[in-house]
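Chains, contacts and geometry: an overview
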Amino acid sequence: MTGLRVCAALLALWGGANAQASGEWTGTATRIADGDTLWVRPAFGGRPVKIRVHGIDAPEICQAGGQASRLALAQRVAGRRLEVSPHRKDDYGRTLALIHLEGEDIASWMVDQGHAWSYRFGRDGGPYTAQQARAQAAARGLFADPLAVEPRLFRKRHGSCDPTGSWRPEK
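Values in this document were obtained by computation on a predicted structure and should not be read as measured data.

Cut-offs and rules
- Residues numbered from 1 in each chain as written.
- Predicted model: local features only at pLDDT ≥ 70, side-chain atom pairs only at ≥ 80, totals over all residues.
- Heavy atoms only, no water.
- Salt bridge = Lys/Arg side-chain N within 4 Å of Asp/Glu carboxyl O.
- Helix = DSSP H or I, 4+ residues; strand = E, 2+ residues; numbered from the N terminus.
- Buried < 20%, exposed > 50% of the residue type's maximum accessible area, 1.4 Å probe, protein only.
- Pairing = 2+ DSSP bridges.
- Phe/Tyr/Trp six-rings, centres within 6.5 Å; stacked < 30°, edge-to-face > 60°.
- Core = buried A, V, L, I, M, F, W, Y, C linked by side-chain atoms within 4.5 Å.
- Contact = heavy atoms within 4.5 Å.

In total, this model carries eleven salt bridges according to the counting rule given. Arg-52 is paired through a salt bridge with Asp-36; the nearest N and O atoms lie 3.6 Å apart. With Arg-52 in strand β3 (residues 49-53) and Asp-36 in the loop between β1 (25-34) and β2 (37-42), the pair connects residues that are 16 residues apart, well separated along the chain. Taking the relative accessible area as the measure of exposure, Asp-36 reaches 3% and is therefore buried. A salt bridge links Asp-112 to Arg-140; the nearest nitrogen and oxygen atoms lie 3.5 Å apart. Taken together, the residues Asp-112 in helix α3 (residues 106-112) and Arg-140 in the loop between α4 (129-137) and α5 (151-158) connect sequence positions 28 residues apart. Taking relative accessible area as the criterion, Asp-112 reaches 18% and is therefore assigned buried. Residues joined in a network through salt bridges with shared partners are Asp-36, Arg-52, Asp-57, Glu-60 and Arg-155.

Next comes the structure, spelled out in structure tokens:
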């Protein structure tokens, strides 16, 4: 009987890992790195998964607006049950995913509140251009500063920030 329980537990764990990799799953936000990166512990168990929120680009943590962006995301999702819809892994090994809280698209909320830009793809303004236009028109969050610099341009000029919040040039 013990062997059957072990087999059942292993099958459940394997099934949960596959669900995490290939389909939607739920979990709890355990850590917020910045306005577009967080860790979510799957409800089916296992270690927290590092997630990059799909469709937005939040200020670097050492950039103007970076701390406010992280705080906004933390206040919205920390400790809350989230729905995660993975797309793929990004170049840094993070799971690129849509995140929903009680049906609300967190990326849309971040842009609409002025805590992130809609992630641009070439000439395309990205999936949240309407929310960004509203936030800019209302001068919400980082859009209150007419000189706010998009994170991609900041990284190009200064490199990425390290975990202590200071910047380091890209290699």
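After that view, the rundown keeps rolling.
Pairing of β1 with strand β5 (residues 81-89), which is carried by four bridges, proceeds in the antiparallel orientation. Its bridge partner being in β5, Gly-27 is matched across the sheet by Leu-82. In terms of strand pairing, β5 meets strand β6 (residues 95-101) through six bridges, oriented antiparallel. Across the sheet, residue Arg-88 finds its bridge partner in β6, namely Leu-96. Here β5 hands over to β6 after five residues, with Gly-93 in that stretch at a positive phi of 85 degrees.

Our focus in this paragraph is the environment of Ala-64. Residue position: Ala-64 is located in the loop between β4 (56-57) and α2 (66-77). A residue is classified by how much of its surface remains accessible, and Ala-64, at 65% relative accessible area, is exposed. When the C-alpha atoms of Ala-64 and Pro-151 are compared, they prove to be 9.8 Å apart, with 87 residues separating the residues in sequence.

For any pair of aromatic rings, geometry is given as the distance between the ring centres together with the angle between the planes. Tallied over the entire structure, the rule returns two aromatic pairs. Taken together, a centroid distance of 6.1 Å and an interplanar angle of 65 degrees make the contact between Trp-25 and Phe-44 edge-to-face. Highlighted residues: Trp-25 in strand β1 and Phe-44 in the loop between β2 and β3, separated in sequence by 19 residues. Judged by relative accessible area, Trp-25 falls into the buried class, the value being 5%.

Below, the discussion takes up the nonpolar core. Formed by 25 residues in total, the largest nonpolar core has its most connected members in Leu-38, Ile-51, Ile-56, Val-77, Leu-82, Ile-99 and Met-110. Every element with two or more residues in this core is listed here: β1, β2, β3, α2, β5, β6 and α3. Looking at which element gives the most residues to this core, the answer is α3, with five residues. Setting aside its immediate chain neighbours within four residues, Val-77 contacts Ala-29, Ile-32, Leu-38, Leu-82 and Ile-106.

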